[in-house]
Amino acid sequence: MSRFAHATRAFRSRNYRLFFAGQGISLVGTWMTRVAAAWLLYRLTKSPALLGIAGFVSQIPSLVVGPFAGVWIDRWDRRRTVIVAQICSMVQSLVLAALTITGVINTTEIILLLFLQGLINAFEMPARQSFVIRMVDRKEDLPNAIALNSSMVNGARLIGPAIAGFMIAGIGEGYCFLLDGLSYIAVIASLVAMKVVPSPPPATERRGTIGELQEGFRYVLHSPAIRAILVNLSQISVLVMPFTVLLPVFASDVFHGGPTLLGALSAASGVGALIGALHLAANQHVARLGRRIAICTMVFGAAMIAMGYSPWLWLTLLAVAAGGFGFMQQMAASNTILQTMVEDDMRGRVMALYFVALQGLGPFGSLLSGTLAARIGAPRTVALSGVLSLAGGVWFLRQLPSIRPGCPGPIAE
């Protein structure tokens, strides 16, 4: 197999090719909305604290609802769940577009609609991740599918913010939301066109929602590898990832730019993340992913320290790109280990807890970062988060000897 064929081996599966094409179009619109919503809110309020609040309300459903969503996803048809969630997201984006284009949007409505999207994501994200294994014909292609998913997300992260920056400057935020809403048609069509063998019934008898939720927590707690990965993701979510909330402050107040600069900063992070995802996709082996998680957590921290203290825009763009690279490698490697280890009847619950760690705890970090930025400034807040990320990477590195025995084969060497 050639190196290119190896890097794209998940495309051998028809269902995955359909998903990749449809989701790739939709994600461009999603990233346009993320940039446009942040800029709209900051333009209306000029408040870093409100950016933090917006991040809080859009992510808190993953913490509150996410664990229960995992239980229900393990019971429901996963493809149907993803389709319904995508339809709901389309409606949310079109409502946001209508209110913005007509000029009646206000801060309260933005916050409420972001909360609604967060509630939808609490179901859609773990359901979609749990469904990936059903899209590939060969289980050995699963790590490549996960890496290609990350490449797709970050290709869209590169394209979407750049388009959004020009559109906001030219015709306004509302048309970004409109294009996002229409882009959901592509992924819905791809999901409907798939040919999927129905999931087998759960191997264990149902114990009620609370009983199955407790079963999921016990499963995670009794696996040192899964437990350490989720702890590491949690500290990234709370202490480091909210740097994205403050990008409008860097664009507007630190470097005195506008929406085009905000798009450039978001795109720089996407470039780094895309390179990181493509590097993982091209990997001939999945060994040493545990060490990669630790090192990339520290790379992310060092990049954020550089971003916080940088007096030059070019250095800030490089730091943001390096941060995107580090975080993407850390997140994709964590996802690969979890998806490879977990039993299928626990997949929904484990992936829901993965998103609780990745996004559900993020609201507290978003709220904290917005509050700190209002007191000590966005650059110092980002630099402090970088220091804490470095410490988290060192901690995870020290955990590797105890988690390796629980991982299959060489995956966590």
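Residues numbered from 1 in each chain as written. Predicted model: local features only at pLDDT ≥ 70, side-chain atom pairs only at ≥ 80, totals over all residues. Heavy atoms only, no water.

In this section: the side chain of Ser 234. Tracing the chain through its elements places Ser 234 in helix H10 (residues 224-239). Assessed through its relative accessible area of 17%, Ser 234 is described here as buried. Side-chain polar atoms of Ser 234 contact the backbone oxygen of Leu 230, separated by 2.7 Å. (Helix = DSSP H or I, 4+ residues; strand = E, 2+ residues; numbered from the N terminus. Buried < 20%, exposed > 50% of the residue type's maximum accessible area, 1.4 Å probe, protein only. Polar contact = N/O pair within 3.5 Å; in protein donor to acceptor, adjacent residues only side chain to side chain.)

Before going further, it helps to examine the confidence of the model for the protein chain. Summarising the model, the protein chain shows a mean pLDDT of 83, and 91% of its residues fall at 70 or more. Of the regions scoring below 50 in pLDDT, residues 409-413 engages in 20 contacts with residues more than four places distant in sequence or in other chains. (pLDDT = per-residue confidence, 0-100. Contact = heavy atoms within 4.5 Å.)

This part takes up the packing of helix H5 (residues 78-101) against helix H8 (residues 174-193). Closest axis-to-axis distance for the H5/H8 pair is 7 Å, and the angle between their directions is 165 degrees. The angle between H5 and H8 places the two elements in the roughly antiparallel class. Note on packing geometry: the crossing formed by H5 with H8 is left-handed. (Axes fitted to C-alpha atoms, helices over the stretch in contact; angles between N-to-C directions. Parallel < 35°, antiparallel > 145°, perpendicular 65-115°, else oblique. Left-handed = near helix turned anticlockwise from the far one by under 90°.)

The subject of this paragraph is the pattern of salt bridges. Under the definition given, this model contains 8 salt bridges. Salt-bridge contacts for Arg 43 lead to Glu 173; the nearest nitrogen and oxygen are separated by 2.9 Å. With Arg 43 in helix H2 (residues 14-45) and Glu 173 in the loop between helix H7 (142-170) and H8, the pair connects residues that are 130 residues apart, well separated along the chain. Across the salt bridge formed by Asp 74 and Arg 349, the nearest N and O atoms sit 2.7 Å from each other. (Salt bridge = Lys/Arg side-chain N within 4 Å of Asp/Glu carboxyl O.)

We now examine H8. Between the first and last C-alpha of H8 there are 30 Å, a value that for 20 residues agrees with the 28 Å anticipated at 1.5 Å per step. When H8 is considered as a whole, its buried residues turn out to be Gly 174, Cys 176, Phe 177, Asp 180, Gly 181, Ser 183, Tyr 184, Val 187, Ile 188, Ser 190 and Leu 191. (Expected span 1.5 Å × (residues − 1).)

Here we take up helix H4 (residues 66-75). Within H4, 7 of the 10 residues are buried, which leaves it mostly tucked inside the rest of the structure. Turning to H4, its buried residues number three or more, namely Gly 66, Pro 67, Ala 69, Gly 70, Val 71, Ile 73 and Asp 74. The secondary structure elements touched by the buried residues of H4 are helix H3 (48-64), H5, helix H6 (107-135), helix H9 (208-221) and helix H15 (347-360).

So, on to the environment of Ala 282. Relative to the helices and strands, Ala 282 is located in helix H12 (residues 259-282). Spatially, the C-alpha atoms of Ala 282 and Thr 8 are 7.9 Å apart, while their sequence positions differ by 274 residues.

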